[in-house]
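Architecture at a glance
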2 protein chains.
Amino acid sequence: MSRSSTGKVRGTGRTTLEEVAAHAGVSTMTASRALSQPQLVSDATRTKVELAVVELGYVPNRAARALASAQSRVIVALVPSLSNVVFTAVLDGIHDAIEHGQYQLLIGNTRYSDAEEEKLLRTYLQSNPDGILLSGLTHSEQVERMLAGSRMPVVSMMDLADDPTELSVGFSQHDAGHAITRHLLDRGYRRIVFVGAQLDERTLRRADGYRQAMQAAGLADPRLEIMVPAPSTIALGAELMREALETLPDCDAVFFCNDDLAHGAIYYCQRHDIRVPQDVAIAGFNDLPASAWMVPSLTTIDTPRYRIGYEAASLLLDVIGGREPRERRIDLGFTLREREST
Amino acid sequence: MSRSSTGKVRGTGRTTLEEVAAHAGVSTMTASRALSQPQLVSDATRTKVELAVVELGYVPNRAARALASAQSRVIVALVPSLSNVVFTAVLDGIHDAIEHGQYQLLIGNTRYSDAEEEKLLRTYLQSNPDGILLSGLTHSEQVERMLAGSRMPVVSMMDLADDPTELSVGFSQHDAGHAITRHLLDRGYRRIVFVGAQLDERTLRRADGYRQAMQAAGLADPRLEIMVPAPSTIALGAELMREALETLPDCDAVFFCNDDLAHGAIYYCQRHDIRVPQDVAIAGFNDLPASAWMVPSLTTIDTPRYRIGYEAASLLLDVIGGREPRERRIDLGFTLREREST
DNA sequence: CTGAAAGCGCTTACAG
DNA sequence: CTGAAAGCGCTTACAG
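Residues numbered from 1 in each chain as written. Chains lettered and ligands numbered in written order. Predicted model: local features only at pLDDT ≥ 70, side-chain atom pairs only at ≥ 80, totals over all residues. Heavy atoms only, no water.

Chain A appears in an unreviewed UniProt entry as LacI family DNA-binding transcriptional regulator from Telluria antibiotica.

Turning next to the pairing of strand β8 (residues 253–256) of chain A. Residue and element names in this part refer to chain A. Burial along β8 is two-sided: Ala253 and Phe255 facing one way and Val254 and Phe256 facing the other are all buried. Here strand β6 (residues 192–196) runs beside β8; their pairing, made up of four bridges, is parallel. What sits directly across from Phe194, in β8, is Phe255. Sheet topology note: the β8/strand β9 (residues 281–283) ladder contains three bridges and is parallel. (Buried < 20%, exposed > 50% of the residue type's maximum accessible area, 1.4 Å probe, protein only. Helix = DSSP H or I, 4+ residues; strand = E, 2+ residues; numbered from the N terminus. Pairing = 2+ DSSP bridges.)

Attention shifts here to the interface of chain A and chain B. When the parts of a complex come together, some accessible area is lost, and that lost area is often taken as the interface size. Every contact between the two is made by 53 residues of chain A and, on the other side, 53 residues of chain B. When chain A packs against chain B, the two sides together hide about 4600 Å² of surface, and 57% of this comes from carbon and sulfur. Three residues stand out in chain A for area buried against chain B, namely Gln126, Arg271 and Trp293 of chain A, and they jointly supply 15% of the buried area on that side. If you look at where chain A meets chain B, you find 17 residue pairs in polar contact (both at pLDDT 80 or more). (Contact = heavy atoms within 4.5 Å. Buried area = accessible area lost by both parts, 1.4 Å probe. Polar contact = N/O pair within 3.5 Å; in protein donor to acceptor, adjacent residues only side chain to side chain.)

Attention now goes to the packing of helix α2 (residues 28–36) of chain B against helix α3 (residues 43–56) of chain B. All names here are of chain B. Remark: α2 packs on α3, axes separated minimally by 9 Å, with the N-to-C direction vectors making an angle of 90°. On the basis of their axis angle, the class for α2 and α3 is roughly perpendicular. Residues Thr30, Ala31, Ala34 and Leu35 of α2 lie in contact with α3, whose contacting residues are Thr45, Arg46, Val49 and Val53. Looking at the contact of α2 with α3, its residues break down into five nonpolar, two polar and one charged. (Axes fitted to C-alpha atoms, helices over the stretch in contact; angles between N-to-C directions. Parallel < 35°, antiparallel > 145°, perpendicular 65-115°, else oblique. Nonpolar A, V, L, I, M, F, W, Y, C, P; charged D, E, K, R; others polar.)

Moving on, we come to the domain arrangement of chain A. Residue and element names in this part refer to chain A. The domains assigned to chain A are domain 1 (17–60), domain 2 (73–171 + 306–334) and domain 3 (173–302). Taking only C-alpha atoms into account, the centre of domain 2 sits 29 Å from that of domain 3. Counting from both sides, the interface comprises 13 residues of domain 2 and, opposite them, 14 residues of domain 3. In this assembly, domain 2 packs against domain 3 so that about 1100 Å² is buried in total across both faces, 59% of it on carbon and sulfur atoms. Ranking the residues of domain 2 by area buried against domain 3 places Tyr112, Phe171 and Phe334 at the top, with a combined share of 46%. Counting every contact that joins domain 2 to domain 3 gives one salt bridge. Between Arg205 and Asp159 there is a salt bridge, with its nearest N and O atoms 3.4 Å apart. Linking domain 2 to domain 3 there are five residue pairs in polar contact (both at pLDDT 80 or more). For the side of domain 2 that touches domain 3, the leading source of residues is helix α5 (residues 85–97), giving three residues. Tallied by class, the residues present in the side of domain 2 that touches domain 3 amount to nine nonpolar, three polar and one charged. (Domains from an automatic or database assignment. Salt bridge = Lys/Arg side-chain N within 4 Å of Asp/Glu carboxyl O.)

All right, on to helix α9 (residues 201–216) of chain B then. Residue and element names in this part refer to chain B. Taking 1.5 Å as the rise per residue, α9 with 16 residues should run 22 Å; its terminal C-alpha atoms sit 23 Å apart, in good agreement. Three or more residues of α9 are buried, namely Glu201, Arg202, Thr203, Arg206, Ala207, Gly209, Tyr210, Ala213 and Met214. Downstream of α9 by one or two residues, Gly218 has phi in the positive range, about 70°. (Expected span 1.5 Å × (residues − 1).)

Okay, the relation of the copies chain A and chain B next. Once turned by 180° and shifted 0.0 Å along the axis, chain A lies on chain B with an RMSD of 0.0 Å. What the superposition gives is, in effect, a two-fold axis relating one chain to the other. Judged by C-alpha distance, Ala63 of chain A is the residue of chain A that lies nearest the rotation axis, at 2.3 Å. A shared interface surface links the copies, since 100% of the contact residues of chain A are contact residues in chain B too. (Least-squares fit on C-alpha atoms with pLDDT ≥ 70 in both.)

Residues and elements named next belong to chain A. In this structure the tally under the stated criterion is 50 salt bridges over all chains. Residue Arg182 pairs with Asp186 through a salt bridge whose shortest N-O separation is 2.6 Å. Taken together, the positions of Arg182 and Asp186, both in helix α8 (residues 173–186) and four residues apart, correspond to about one turn of that helix. What emerges from the salt-bridge pattern is a single network uniting Arg191, Asp221, Arg223 and Asp250.

Here Gln104 of chain B shows up in strand β2 (residues 104–109). At a separation of 2.9 Å, a polar atom in the side chain of Gln104 of chain B contacts the side chain of Ser127 of chain A. The contacts of Gln104 of chain B, once residues within four sequence positions are left out, are Leu106, Thr123, Tyr124 and Ser127 of chain A together with Arg62, Arg73, Val74 and Ile75 of chain B.

All right, on to the side chain of Asp221 of chain A then. All names here are of chain A. Along the chain, the position of Asp221 falls in the loop between α9 (201–216) and β7 (225–227). Look at Asp221 and you get buried, because its relative accessible area is 10%. Polar side-chain contacts of Asp221 include one of 2.9 Å to the backbone nitrogen of Arg223.

Looking now at the nonpolar core. The tendency in soluble globular proteins is for nonpolar side chains to be buried as a group. In this structure, Ile94, Leu133 and Ile282 of chain A together with Ile94, Leu133 and Ile282 of chain B are the most contacted members of the largest nonpolar core, which totals 154 residues. Leave out the neighbours within four places in its chain, and Leu133 of chain A touches Ile75, Val76, Ala77, Leu78, Ile94, Val155, Met157, Ala312, Ala313 and Leu316 of chain A. (Core = buried A, V, L, I, M, F, W, Y, C linked by side-chain atoms within 4.5 Å.)

On to empty space enclosed by the protein. Residue and element names in this part refer to chain B. Following the criterion strictly, the structure yields one cavity of 30 Å³ or more and no others. One number sums up the size of the largest cavity: a volume of about 30 Å³. The wall of the largest cavity is formed by Val86, Met158, Phe171, Gln173, Arg206, Phe285, Asn286, Thr303, Pro304, Arg305 and Ile308. Counted by class, the lining of the largest cavity contains six nonpolar, three polar and two charged residues. Residue contributions to the lining of the largest cavity reach at least three from each of two domains, namely domain 2 (72–171 + 306–334) and domain 3 (173–302). (1 Å grid on protein atoms, 1.4 Å probe; cavity = no way out; pocket = protein on both sides within 12 Å on 5 of 7 lines; lining within 4 Å. Points joined across faces, edges and corners; volume = space filled by probe spheres on them.)

Right, dumping it as structure tokens:
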């Protein structure tokens, strides 16, 4: 026992496993086994140790465990935003999928910045995570290199990797963009504007899907694409709706890259007595809760963001645990919600 | 060097500080100082060590650091929900306030459950956090006991502690509920319904504020209070609006405990040609982004949730760092937004 | 300004 | 089923 008469010189002062073992009358390593691999220990021993744990109020020291076992039981999740409900839903799913007590979750907000992602990753690598959840498929070279060097499992969230051996969970952003454009075309709209903000990789892929559908219909026109790097907000949606109507007076539909923008557009139209969809149709992306309720209700793509988080974390846990997953690329799909706005 | 000819028997296999020190031609402890307390080391030494770090791609092992220093540099934040934007905004603020690289954030979702809070806390205590951020002022006895036993600083978020020596950051939920009721009374509304959902402590305090204002005006009536334990959603807001109009046909205003419910109510009224505020006024709480844009725009209380997270984390970091804060109870206030719905 | 050495609190091949 | 002992990779009072 490393106590002087005046108490511990260093350390946290908390009860240690050594003390638990002494209290239970067993060796430290037996106490350790009784807690982490109880099946390797006799019932009597396990009971003695468990009793000692309760009596002494023992709380294991995770740092010591991580150091000795070279397993941190930490997983890292990096998302581009903590104010976008899409990504907080993903985190919600991840949180629910993690076996708490076993694994701990470290969350990082990259703010849609490669540099920030790199910085966070560098910091979090200090914790020697057992695995990492990343948003998106494209990352800086530095990040790719750090990941390759660390040899720890990485799951990409949101979109599907081209390579089916890479771990990814999401749905085809391209196909979803294509599907909603196809829907507008089927409804008879011809001059369909695409409005993209933030211009992250998901928005760009949705734009690709839009473009491909328009081309297939012989209706593509670069002037119909409004792309701004500013973050998506309701206010921006209202502003861009105004802009679209002003600069493209012959447009008959607008596909916004997400619901936040589309909501702003619908509110704008309400305030200016522009009839939706009679004067102009509006479509969004993500199916936020308000979309089904607002007037008119919003046509949009329902995306499985909570499930993406949940399934991505489950997949990562499988791989960490050495369980071969049924598939390494999990397509969760999307659902077109046809509503009043189109 | 503990390498056998076949490589490390245990450990992560990553470069260690010992190797960095050898490469730089200094002792391990000097290398340690060069990195964590560079001012204690000569320029020449620091340069040599920094070079070795880069050349070897050294990444410090946080578990070893935590174990040796008895300082985890971990802070824990517990919030009741990861789908409520109020709390994800709080987390956003916390995340931004943390000096990354220094401190790491462990997030827990208590799901508005005392039992869950207790379980998460028990788990997270294994990481020996340097401090904790909790949502709300009331916790289970078990939680209070664990916190008291651990002697680590705890900051309460959202509401203000009665005891000014306790660490708390937020605003008076009671006063805010009172203020918006007062506003409705000033506008001439008399039969003001209060609708509360979830029934967490914040909702109950807002209800108290409402009740007190109604009593002061001689207009209190228990039948005007609709309280349901279900979580707040737009759908529930629509449903409760219908219920209010049906069971209390003489009501002239409804104060919803949050904007999600109020949005549902406004959409409900739009769909049923109920004029707001002419037929019935509607008020909310939190000032979500849509509130200023919807038609009619929503009267509500603007709450500083991002700043609560930011200031709470800053306060905690001050206390952890031994810096005496100017005040231990930080009132961030709230702002009444008077809009079209009242 | 720099170093030798102990120690933080666990886990784990290896024996028995 | 149980144990002795080394080791994980850092930090830190204490000297000099």
